[in-house]
Amino acid sequence: MPLTVQPDTSGTQFIRVNRAMEGDEPFWKLAATGLPRETTEVDVDRLLEERTFEMILKEIDDRISEKKARLEKNKGRDLNEDELGKLEDTRNEEVDSLRKILLDHARIRDFAYDEIVVRVGDYGSSAFLLLTGSVRVLQVVDPKKLGRQTSRRPSLWGAFKRWLTRPRIPERRSRVRVNEADLFASAETQVEEPRYRDELEESKTIVRVSRPSASRWGDDDALSKSTVFRQSGEWIGEMAALSRHPRTATVVADHQEGEETTLMEIRWQGLYALRNRWSNFKRQIDYKYRERGLAAHLQTTSLFRHVESEELDSGRFKNAITFQSYGDFDWNFSYEEIREMNPQERLQSEPLIAGAGHYPNGVYIIRAGFARLSHSYNKGERTISYLGKDKVFGLEEAFESLATKHPVPFRHSLRAIGYVDVLFVPLWIIDKYVFQNESVRAELESEMEEFEVENDIHADGLEGLKTDFLEFLVENRYINGTEAMLIDMDRCTRCDDCVRACASTHDNNPRFLRHGPIEDRFMVANACMHCIDPVCLIGCPTGAIHRVTADGRVVINDLTCVGCATCANNCPYDNIRMVYPRDASGSIYYGEDNTLPIQKATKCDLCGDQVTGPACVNACPHDAMIRADMMDVPSLVDWLKR
Amino acid sequence: MISFAKRRFYASATLVVCIALAVLADYGLRQSLRPAAICSGVLLFAVILLLACFNMRKRLTFLPTLSASTWMQIHVYVGWFSIAAFLIHAGVHQTQGTLELALAILFWLVALSGVWGLYMTRAFPAQLRMEGENVIFERIPSMRARLRRQSEEVIMESIEKTESTALADIYEKRIRDFFDGPRDILSHALGSRKAPHTFLAEIEDTYRYLSEDERAFMATLTDHVRIKQNLDYQWVRQGMLKLWLFIHIPLTYGLILTAAAHGLIAWRFAG
């Protein structure tokens with residue numbers, strides 16, 4: 001729709017919005033709330049006194065000492081002043097780079113009592129380091145208190161009313177932001193516009209207005225199941241930031257009266273820079289993960305479900321398992337570039353986790369992200385399958401090795417698609433906890449696929465997907481989708497009933513395009529796929545785009561969206577559209593601070609407020625469409641082969 | 001998930017059973033001297049109303065009343081059943097009176113347009129996919145205009161670079177009209193490739209009169225012609241898929257009104 005910027009009319013409303021800054025700006029400029037507080041050199045000096053950074057400084061000093069010793073040994077004498085000066089310069093450069101990381105990627109934040117630091121279910125793009133005060137980690141919090149939508153049955157009457165009163169003007173909004181009055185209004189006063197009710201409820205927390213209240217988090221279960229961190233130097237939310245997992249707990253500020261809780265927040269770019277440059281920091285973070293998350297995570301996997309949690313929690317077990325990362329964390333930015341490559345180049349760009357022919361001394365468990373399973377075919381690699389979270393690679397070979405007492409090489413290669421976190425479990429653990437447990441071994445053996453693949457590119461892959469379609473899904477990374485819109489072009493009559501149904505359930509605004517790449521006879525349309533790894537969530541300055549904990553949908557809170565387009569730019573599939581809201585007269589809203597029109601991000605919300613579910617699928621008369629979970633390959637194959 | 005073949009089998013079997021039951025019921029009613037014509041007429045009218053409901057269902061997207069694809073299946077098979085019901089009710093003999101004639105014509109028009117629509121919705125999508133790039137119907141006029149603009153730019157560039165108007169002359173005489181609007185509509189509608197091939201052959205014949213530089217420009221122009229032919233094909237075929245509903249649905253409303261009038265008259269004058 002072409003944008004016509006209209007002159008100021010009486011119908012135009014002026015709304016002031018804080019626009020997000022460019023990604024290359026220092027983190028402190030992207031203030032979460034209120035005025036930004038600059039991260040100064042003094043702050044950095046203060047941070048370097050923290051144990052975490054002291055360890056990094058020690059590593060730098062150790063490196064310099066080692067270098068000095070090496071040079072002295074080579075030269076057979078003590079270093080002169082010039083040489084010592086050069087070493088000192090090297091040290092200073094290293095320290096300066098540490099300081100620069102902190103200046104660019106960290107910010108200091110003060111939290112009022114009971115204010116939320118991180119919320120369970122949020123996709124964190126930053127981690128926190130406790131500086132002063134204390135924080136309470138709540139494992140159990142009523143979702144309503146967090147302002148999150150709970151699984152609410154939509155009403156037929158509500159859907160009918162919305163359909164009946166759908167505006168004729170495109171993208172009509174009666175409000176485009178949350179007012180202070182809305183935030184403090186009682187539920188009754190908000191009922192005048194029921195369609196905003198849920199978003200207002202969410203907004204109360206999302207805008208993080210601090211309203212101290214002693215009973216806010218509870219007199220209930222929450223406090224009894226919570227942990228308080230009082231020691232400065234404690235990391236919070238680091239694994240969620242590194243692996244793009246949802247936050248596993250809610251953390252609130254919890255200090256004594258008269259005190260303040262101060263935390264350093266560091267965005268994931270900084271966290272990664274620290275982790276990649278200094279092994280002390282990497283060890284520290286990996287240790288935290290082992291301490292806090294590894295046992296719980298392993299117990300959810302098929303391999304260790306039967307093992308007692310005390311056993312999994314033992315140091316011997318935890319220390320044997322290594323945590324490895326492959327690929328580009330910012331894969332969404334290189335996505336277009338990679339798509340343009342030829343298959344060989346593309347394959348080369350995917351880091352090899354384990355190669356066919358290598359002798360395994362353990363198995364790999366995918367912790368996050370996706371990996372491509374392939375084997376060589378002539379001069380290329382033929383994709384056989386793709387593995388997602390908690391899938392195991394190399395188990396069959398490990399079993400064979402243990403059974404025959406001879407090492408059996410990997411039959412296939414495992415490569416990182418985009419970004420992958422894996423856990424490497426050594427063979428002795430597999431032997432002790434899995435192989436020697438006959439019932440578990442039998443169960444796993446029956447689950448294991450027979451890795452005998454016909455050496456024919458036209459044959460179906462392991463999962464029954466045609467090779468070319470499988471390659472298409474993997475190369476375009478559509479495997480990320482849990483609700484990807486697939487259209488069978490041999491059944492689609494291009495009637496656009498799906499588009500009309502979508503529009504009629506979204507106030508006459510369609511939220512997808514019936515357009516997209518086609519492979520074989522299937523189109524992947526430009527509709528939000530509600531991804532497993534929702535990169536669109538990263539960097540949203542207000543948390544307006546988030547995943548609904550109850551059903552996993554990725555939705556946008558229209559009222560708190562500031563229209564910065566970060567999500568739209570992050571989405572590699574181009575499934576988020578920026579629109580210009582209009583008032584009842586059709587005028588475009590403008591920012592009070594400048595003449596630019598206000599924008600809002602929009603996308604498919606999977607018709608969460610409809611009784612029928614996704615209107616698009618429900619409206620297709622020709623059975624041409626499906627919203628497919630790409631990890632549920634059997635169902636996908638069933639649909640493809642109807 | 002049930003396969004299409006299985007679904008077709010079960011639905012067809014159900015249809016055959018329903019038709020057989022309807023024939024038997026009608027035979028039984030006639031044998032027992034009951035008002036069989038009224039019964040079959042009411043049944044037929046009810047069936048037609050049910051068929052018409054599909055269009056209403058498509059508009060009321062918020063209603064949790066079965067998916068549109070289930071409605072479509074019901075529509076198709078109940079549609080076949082309605083033909084049987086019509087034959088049971090009216091027989092194959094000649095109709096009497098203008099109203100009955102109009103009603104019969106309307107019914108057969110609706111039924112035939114439905115069958116034609118069913119054929120198109122099953123056959124055209126695959127043809128559209130295989131023919132060329134898939135385009136959104138509403139975007140075709142603007143794509144056509146853009147293609148024409150680009151072709152004219154090629155001509156202007158050729159005049160500039162080759163200092164010859166040969167290509168411009170050919171374009172003016174043979175090609176310009178082609179880019180003005182949709183061409184070979186009948187051929188595309190019938191699925192014939194003769195006219196598009198002939199046109200391309202005519203263009204290729206002109207290559208012999210062009211210099212090497214001009215040929216390069218002509219090759220670009222030929223590509224544009226091919227793209228335009230696909231746009232025309234898509235426009236005609238997608239247009240047909242949309243247009244038939246504009247025949248089928250108004251005729252259905254006409255049929256319902258005429259059938260209601262026929263029912264009232266039959267009820268009023270029933271012995």
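Here, residues in each chain are numbered from 1, in the same order as that chain's written sequence. Lettering for chains starts from A, numbering for ligands starts from 1, and both go in the order in which the items are written. Reporting in this predicted model follows two pLDDT cut-offs: at least 70 for local features of residues, and 80 or more for side-chain atom pairs to be given and counted; totals over whole chains, interfaces and linings ignore these cut-offs and use all residues. Based on all heavy atoms of the structure, the side-chain values leave hydrogens and waters out of the count.

Engineer: Could you give an account of the interface of chain A and chain B, with specific residues and numbers?
Structural biologist: Counting residues at the interface gives 34 residues for chain A, matched by 31 residues for chain B. Here the quantity called buried area is the accessible surface, traced with a 1.4 Å probe, that two parts lose on coming together, added over both. In this assembly, chain A packs against chain B so that about 2800 Å² is buried in total across both faces, 58% of it on carbon and sulfur atoms. Three residues, R491, R494 and R642 of chain A, lead the burial of chain A against chain B; their summed loss comes to 21% of the area buried on that side. Throughout this description, the term salt bridge denotes a Lys or Arg side-chain nitrogen within 4 Å of a carboxyl oxygen of Asp or Glu. Connecting chain A to chain B are 3 salt bridges. Ionic pairing is found between R129 of chain B and D490 of chain A, a salt bridge with its closest N-O pair at 2.5 Å. We call two N or O atoms a polar contact when they sit within 3.5 Å, provided that within protein one can donate a hydrogen and the other can accept it, with sequence-adjacent residues counted only if both atoms are side-chain atoms. The interface formed by chain A and chain B includes 11 residue pairs in polar contact (both at pLDDT 80 or more). To qualify as a helix, a DSSP run of H or I must reach at least 4 residues; to qualify as a strand, a run of E must reach at least 2; elements of each kind are numbered from the N terminus. Going through the elements one at a time, helix 4 (156-164), helix 20 (497-504), helix 22 (615-619) and helix 23 (633-640) of chain A are the ones with two or more residues in the side of chain A that touches chain B. If one sorts the elements of the side of chain A that touches chain B by residue count, helix 4 of chain A sits on top with 4 residues. Grouping the amino acids of the side of chain A that touches chain B by side-chain chemistry returns 15 nonpolar, 8 polar and 11 charged. A contact between two residues is defined here by any heavy atoms of the two lying within 4.5 Å. When residue character is reported, Ala, Val, Leu, Ile, Met, Phe, Trp, Tyr, Cys and Pro are called nonpolar, Asp, Glu, Lys and Arg charged, and the others, Gly included, polar.

Engineer: Any details on the pairing of strand 9 (residues 261-267) of chain A? Residues and values, ideally.
Structural biologist: Residue and element names in this part refer to chain A. Relative accessible area decides the class of each residue, using a 1.4 Å probe on protein chains only: under 20% of the type maximum gives buried, over 50% gives exposed, and in between gives partly exposed. Most of strand 9 is tucked away, with 7 of its 7 residues classed as buried. Here, a strand pair is defined by DSSP locating no fewer than two bridges between the strands. Relative to strand 9, strand 2 (residues 106-111) runs antiparallel, the two sharing 6 bridges. Counted as the bridge partner of R109 is L263 from strand 9. Where strand 4 (residues 126-132) and strand 9 come together, 6 bridges link them in antiparallel fashion. Directly across from S126, in strand 9, lies its bridge partner R267.

Engineer: How would you summarise the domain arrangement of chain A if you had to cite specific residues and measurements?
Structural biologist: All names here are of chain A. Along its sequence, chain A is organised into domain 1 (307-464) and domain 2 (470-640). For the domains described, the bounds stem from an automatic or database domain assignment. Relative placement of domain 1 and domain 2: their C-alpha centres are 31 Å apart. Taken together, the contact pairs 23 residues of domain 1 with 21 residues of domain 2. Its largest share of buried area at the contact with domain 2, domain 1 owes to W331, F370 and Y386, together 34% of the area lost on that side. In this assembly, domain 1 and domain 2 are joined by 2 salt bridges. Here E475 ties to R346 by a salt bridge, and the two come within 2.5 Å at their closest N and O atoms. Across the contact surface, domain 1 and domain 2 share 5 residue pairs in polar contact (both at pLDDT 80 or more). Elements that contribute at least two residues to the side of domain 1 that touches domain 2 include exactly helix 14 (331-340), helix 15 (343-349), strand 12 (362-377), strand 13 (380-387) and strand 15 (413-426). Counted by class, the side of domain 1 that touches domain 2 contains 10 nonpolar, 6 polar and 7 charged residues.

Engineer: I'd like a description of helix 6 (residues 166-180) of chain B, backed by residues and values.
Structural biologist: Residues and elements named next belong to chain B. Multiplying 1.5 Å by the residue count of a helix minus one yields the expected span of that helix. Between its terminal C-alpha atoms helix 6 stretches 21 Å, which fits the 21 Å expected from 15 residues at 1.5 Å a residue. Along helix 6, the residues that are buried comprise L167, A168, I170, Y171, I175, F178 and F179. Against helix 5 (140-162), helix 8 (194-205) and helix 9 (212-268) lie the buried residues of helix 6.

Engineer: Explain the side chain of S158 of chain B to me, using residue names and the numbers behind them.
Structural biologist: All names here are of chain B. Mapped onto the elements, S158 comes out in helix 5. We classify S158 as buried; its relative accessible area is 1%. Look past the residues within four positions of S158 in its chain and what remains in contact with it is E163, S164, L167 and F217.

Engineer: Before we move on, can you summarise a negative patch on the surface with the specific residues and values?
Structural biologist: All names here are of chain A. In this analysis, a patch consists of residues with relative accessible area above 30% that form no salt bridge, clustered at 9 Å for like charges and at 5 Å for the nonpolar side chains Val, Leu, Ile, Met, Phe, Trp and Tyr. Accessible surface area values rest on a Shrake-Rupley calculation with a 1.4 Å probe, where residue burial reflects the displayed protein chains alone. Only four residue types enter the tally: Lys and Arg on the positive side, Asp and Glu on the negative side; His and the chain ends are excluded. Note on charges: their place is set at NZ of Lys, CZ of Arg, CG of Asp or CD of Glu. A grouping of E88, D89, E93 and D96 is seen on the molecular surface, where their side chains present a negatively charged patch. Along the chain, D89 falls in helix 3 (residues 81-105). Accessibility expressed as a relative area gives 42% for D89, which makes it partly exposed.

Engineer: Give a description of the environment of S279 of chain A that names residues and reports values.
Structural biologist: The topology assignment puts S279 of chain A in helix 11 (residues 279-298). S279 of chain A sits in the partly exposed class, given a relative accessible area of 34%.

Engineer: Explain the sheet that holds strand 18 (residues 522-524) of chain A to me, using residue names and the numbers behind them.
Structural biologist: All names here are of chain A. The antiparallel open sheet is built from 4 strands, whose spatial order is 17-18-16-24. Lying at the two open borders of the sheet, with one neighbouring strand each, are strand 17 (518-519) and strand 24 (625-628). For strand 16 (residues 484-488) and strand 18, the ladder comprises 3 bridges, and the chain directions are antiparallel. Residue pairing across strands places L486 opposite V524, the latter belonging to strand 18. Axes, fitted as lines to C-alpha atoms, cover a helix only where it is in contact. Angles between the N-to-C directions of the axes lie from 0 to 180 degrees. Against the sheet, helix 23 touches strand 16, strand 18 and strand 24, its axis set at about 20° to strand 16.

Engineer: How would you summarise the confidence of the model for chain A if you had to cite specific residues and measurements?
Structural biologist: Confidence scores here are pLDDT values: one per residue, from the predictor, ranging 0 to 100. Residues with a pLDDT of 70 or more make up 80% of chain A, whose mean pLDDT is 79. Note on residues 203-215 of chain A: pLDDT under 50 across the span, and 43 contacts to partners over four residues away in sequence or across chains.

Engineer: Now, about empty space enclosed by the protein: what can you tell me, with residues and values included?
Structural biologist: In this approach, a probe sized like a water molecule rolls over the atoms, and the result shows the empty space that is left. Residues and elements named next belong to chain B. Computed over the protein atoms alone on a 1 Å grid, cavities are sets of points where a 1.4 Å probe fits but cannot get out and pockets are open sets with protein on both sides within 12 Å along at least five of seven lines; a residue lines them when it has an atom within 4 Å of a point. Grid points are joined across faces, edges and corners, and a volume is the space filled by probe spheres set on the points. Enumeration according to the criterion identifies 10 cavities of 30 Å³ or more in this entry. By volume, the largest cavity is sized at about 640 Å³. Those elements that place two or more of their residues in the lining of the largest cavity are helix 2 (36-59), helix 3 (68-90), helix 4 (98-131) and helix 9. Split by residue class, the lining of the largest cavity holds 21 nonpolar, 11 polar and 2 charged. Considering only enclosed or pocket space, the second largest cavity measures out at about 120 Å³ in volume.

Engineer: Residue-level account of the state of the cysteines, with values.
Structural biologist: Residues and elements named next belong to chain A. In this description, a disulfide is simply a cysteine sulfur pair whose atoms lie within 2.5 Å. Scanning all chains against the criterion turns up 0 disulfides over all chains. Note on C531: no disulfide assigned, nearest cysteine sulfur contributed by C528 at a separation of 6.3 Å. Unpaired in this structure, C616 has its nearest cysteine sulfur neighbour in C607, at a distance of 6.2 Å.

Engineer: Tell me about the packing of aromatic side chains, and name the residues and values.
Structural biologist: Ring pairs are drawn from Phe, Tyr and Trp, using the six-membered ring of Trp, whenever the two centres fall within 6.5 Å, and their geometry is named by plane angle: stacked under 30 degrees, edge-to-face over 60, tilted for the rest. This model, assessed by the stated rule, comprises 30 aromatic pairs over all chains. Seen in terms of ring centroids, Y364 of chain A and F410 of chain A are 6.4 Å apart; in terms of plane orientation they differ by 45°. Their pairing is tilted. You can see Y364 of chain A sitting in strand 12 and its partner F410 of chain A sitting in the loop between helix 16 (395-404) and strand 15, a full 46 residues away along the chain. Summarising the burial analysis for this pair, Y364 of chain A and F410 of chain A share the class buried. Ring-pair connections join several aromatic residues into one group, and the members of that group are Y335, F469, F472, Y478, F522, Y573 and W639 of chain A. Charge-over-ring placement is defined geometrically: NZ (Lys) or CZ (Arg) within 6 Å of the ring centre, and within 35 degrees of the ring normal. Cation over ring: K228 of chain B sits above F178 of chain B, and NZ or CZ is 4.2 Å from the ring centre. Geometry around F124 of chain B places R237 of chain B over its ring, the cationic atom sitting 4.1 Å from the centre.

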